[in-house]
Amino acid sequence: MLKIIMIEDEQQIREEVMDWLRFEGYEAFGAENGRVGLEVIQREMPDLIICDIAMPDMDGHEVLIAVRSDVRLNHIPFVFLTADVEHSSVRHGMNMGADDYLTKPFTHAEVLGTIRSRLEKKDNYERKTQTQLNMLTVALSEEREKNLLKSRLVAMFSHDFRNPLSAILSSSNIIRNYEARLTPERK
């Protein structure tokens, strides 16, 4: 079951959205402010975070910064929930690393559509990453095989060249050491 964290200081909104999520088969967790929300995020490792911006104790921007700076959490889709619909505010949040925005008031369909869209995008990214990882693993395995083959070839050629060279060097040493005793024809 996919986990979704709903960080919202207005209890009625938080409870309503969590009810929608549970009805749709998600495991929903709620938090009344950013600090509590961050604790829940770190404990539950959710698949998606929905977070209000204007909250007491720790606002949504601070939560986003904390999530994006934690290597264990920075891959989690993050959706801002806000009453502020100014383009500059939305752009600021997106530049900080938010994946999407929901503006208040919102509908059940908007929330679920955004969640499905973000989770689908996350799944596609994870599949693409896994495919790339598999390709790199295969390439690394092939490279190791080539290096092993190369090492075996070098060892084989070294051995094959050493035998005739040993005979030549041995004969050369005999000629040098016993030159006085050998006849010119024998040399």
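Since the model is a prediction, treat every value here as computed from it, not as a measurement. (Residues numbered from 1 in each chain as written. Predicted model: local features only at pLDDT ≥ 70, side-chain atom pairs only at ≥ 80, totals over all residues. Heavy atoms only, no water.)

**What about the nonpolar core?**
Then, in step 1: One finds Ile7, Ile41, Ile49, Val63, Val67 and Phe78 to be the most contacted residues of the largest nonpolar core, which totals 22 residues.
Then, in step 2: Sorting the residues of this core by element identifies β1 (3-7), β2 (27-31), α2 (34-44), β3 (48-52), α3 (60-69) and β4 (78-82) as the ones contributing at least two each.
Then, in step 3: Those residues in contact with Val67 that lie beyond four places of it in its chain are Leu38, Ile41, Ile49, Leu73, Asn74 and Phe78. (Core = buried A, V, L, I, M, F, W, Y, C linked by side-chain atoms within 4.5 Å. Buried < 20%, exposed > 50% of the residue type's maximum accessible area, 1.4 Å probe, protein only. Helix = DSSP H or I, 4+ residues; strand = E, 2+ residues; numbered from the N terminus. Contact = heavy atoms within 4.5 Å.)

**A closer look at the pairing of β1**
Side-chain positions along a regular strand alternate between the two faces of the sheet.
Then, in step 1: Taking burial as the measure, the five residues of β1 include four buried ones, the bulk of the element.
Then, in step 2: Relative to β2, β1 runs parallel, the two sharing five bridges. Note on β2: the bridge partner recorded for Ile4 is Ala28.
Then, in step 3: Tracing the backbone out of β1, into helix α1 (residues 11-23) and back to the parallel element β2 gives a crossover that is right-handed. (Pairing = 2+ DSSP bridges. Right-handed = clockwise from strand over helix to strand, strands pointing away.)

**Comments concerning the packing of aromatic side chains**
Then, in step 1: Within this structure, the stated rule accounts for three aromatic pairs.
Then, in step 2: Here the aromatic rings of Trp20 and Phe106 are separated by 6.2 Å at their centres, their planes lie at 85°, and the arrangement is edge-to-face. Taken together, the residues span a long stretch of sequence, with Trp20 in helix α1 and Phe106 in the loop between β5 (100-103) and α5 (108-177) at a distance of 86 residues.
Then, in step 3: Assessed through its relative accessible area of 16%, Phe106 is described here as buried.
Then, in step 4: Between Phe80 and Tyr101, the aromatic rings sit 5.5 Å apart at their centres with planes inclined by 55°, giving tilted as the arrangement. Placement of Phe80 in strand β4 and of Tyr101 in strand β5 is noted, with a sequence separation of 21 residues between them. You'll find Phe80 and Tyr101 in the same group, each marked buried. (Phe/Tyr/Trp six-rings, centres within 6.5 Å; stacked < 30°, edge-to-face > 60°.)

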